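Structural overview for review
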Amino acid sequence: AFNESHYNIIENNTITYNLGYQGIHLYYSTMNNITNNTLNSNGDHGLFVQNSNNNTIENNTIMYNPHGVYISSSINNTFKNNILNSNTFHSIYGGNFNNTTIINNSMVNNSGNQMLLDILITSESNTIENNTISNSTVNNIALAGKYNILKNNIISNSGNYGIYISGSNNTITS
């Protein structure tokens, strides 16, 4: 866990079989780069971002975890070019986060309860763009916040809803 850690580079690591909790946990941490890591078969989340701002999570492979990525109470984070494959419940989910960019990620073969979502956002002013979601048994993109931008995502062979929106002032661009 990175507790009140700032300006770190976490790069080229393989983090597997941490059965207690997360592969990587950012807690009250800012300006970190998490790049080119494999987060595989951890006990709860591959990556957990809590009360952490201005972090970049890029080019990581997050597989075979109960939950891929959880984001909570965090601002201005970027999730880019990650592969989230075969996570049991969620690929990316969370709440109370704003101004976050989720771009160019691949979410494939994620399974689980039909009520759990590949991208669940209960926050404002986020951008979800150019992601590929396929072969999931769960819902795919659910937006419950306001002022989110959703564009150029490819969704195929997936669960109940491709895109589910609850709340107003969401922007959808194909």
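The coordinates are above.
This write-up is about the structure you can find in this document. (Residues numbered from 1 in each chain as written. Predicted model: local features only at pLDDT ≥ 70, side-chain atom pairs only at ≥ 80, totals over all residues. Heavy atoms only, no water.)

Notes on the overall build of the protein
Scanning the protein for helices and strands turns up zero helices and 23 strands. Taken over the C-alpha trace, the protein has a radius of gyration of 15 Å; the compact-globule value for 174 residues is 16 Å, and the two agree within 12%. With the C-alpha coordinates aligned to their principal axes, the bounding extent of the protein is approximately 35 × 30 × 20 Å. Looking at the 174 residues of the protein, the share that counts as buried comes to 45%. Long-range contacts, defined here as pairs at least 24 residues apart, represent 39% of the contacts in the protein between residues at least 6 apart. For the protein, the accessible area works out to roughly 7,600 Å², and carbon and sulfur atoms hold 45% of it. (Helix = DSSP H or I, 4+ residues; strand = E, 2+ residues; numbered from the N terminus. Rg over C-alpha atoms; globule rule 2.2 N^0.38 Å. Buried < 20%, exposed > 50% of the residue type's maximum accessible area, 1.4 Å probe, protein only. Contact = heavy atoms within 4.5 Å. Areas by Shrake-Rupley, 256 points an atom, 1.4 Å probe, with all protein chains shown as cover.)

Topic: unusual backbone geometry
In this structure, Asn96 is a non-glycine residue whose phi angle is positive, near 55°. Assignment of secondary structure puts Asn96 in the loop between strand 13 (90-95) and strand 14 (101-103). Although it is not a glycine, Asn99 sits at a positive phi angle of roughly 50°. Along the chain, the position of Asn99 falls in the loop between strand 13 and strand 14.

Here we look at the pattern of salt bridges
Counted by the stated rule, this structure contains one salt bridge. Across the salt bridge formed by Lys151 and Glu129, the nearest N and O atoms sit 3.9 Å from each other. Remark: Glu129 occurs in strand 17 (residues 127-129) and Lys151 occurs in strand 20 (residues 149-151); sequence separation between them is 22 residues. Residue Lys151 is classed as partly exposed on the basis of its relative accessible area, which comes to 27%. (Salt bridge = Lys/Arg side-chain N within 4 Å of Asp/Glu carboxyl O.)

Here's the deal with the pairing of strand 7 (residues 45-50)
Extensive coverage of strand 7 is indicated by the burial of five of its six residues. Relative to strand 7, strand 4 (residues 22-27) runs parallel, the two sharing five bridges. Residue pairing for strand 7: Ile24 is matched across the bridge by Leu47. Bridge analysis of strand 7 against strand 10 (residues 67-72) gives five bridges, and the strand direction is parallel. Note on strand 10: the bridge partner recorded for Phe48 is Tyr70. (Pairing = 2+ DSSP bridges.)

Some thoughts on the packing of aromatic side chains
One pass over the structure, following the stated rule, counts three aromatic pairs. Residues Tyr27 and Tyr28 carry aromatic rings whose centres are separated by 4.7 Å and whose planes lie at 85° to one another, so their mutual orientation is edge-to-face. For Tyr27, a relative accessible area of 30% corresponds to the partly exposed category. Relative accessible area serves as the criterion here: at 39%, Tyr28 is assigned to the partly exposed category. (Phe/Tyr/Trp six-rings, centres within 6.5 Å; stacked < 30°, edge-to-face > 60°.)

Details of the sheet that holds strand 21 (residues 154-156)
The sheet built from seven strands is open, its strands ordered 3-6-9-12-15-18-21 with parallel pairing. Among the strands making up the open sheet, the edge pair consists of strand 3 (14-16) and strand 21. With strand direction ignored, the average angle separating the axes of adjacent strands in the sheet is 5°. In the sheet, strand 12 (residues 83-85) pairs with strand 15 (residues 106-108) via three bridges, with the strands oriented parallel. (Axes fitted to C-alpha atoms, helices over the stretch in contact; angles between N-to-C directions.)

Without other data, these values stay purely geometric and don't point to any function.
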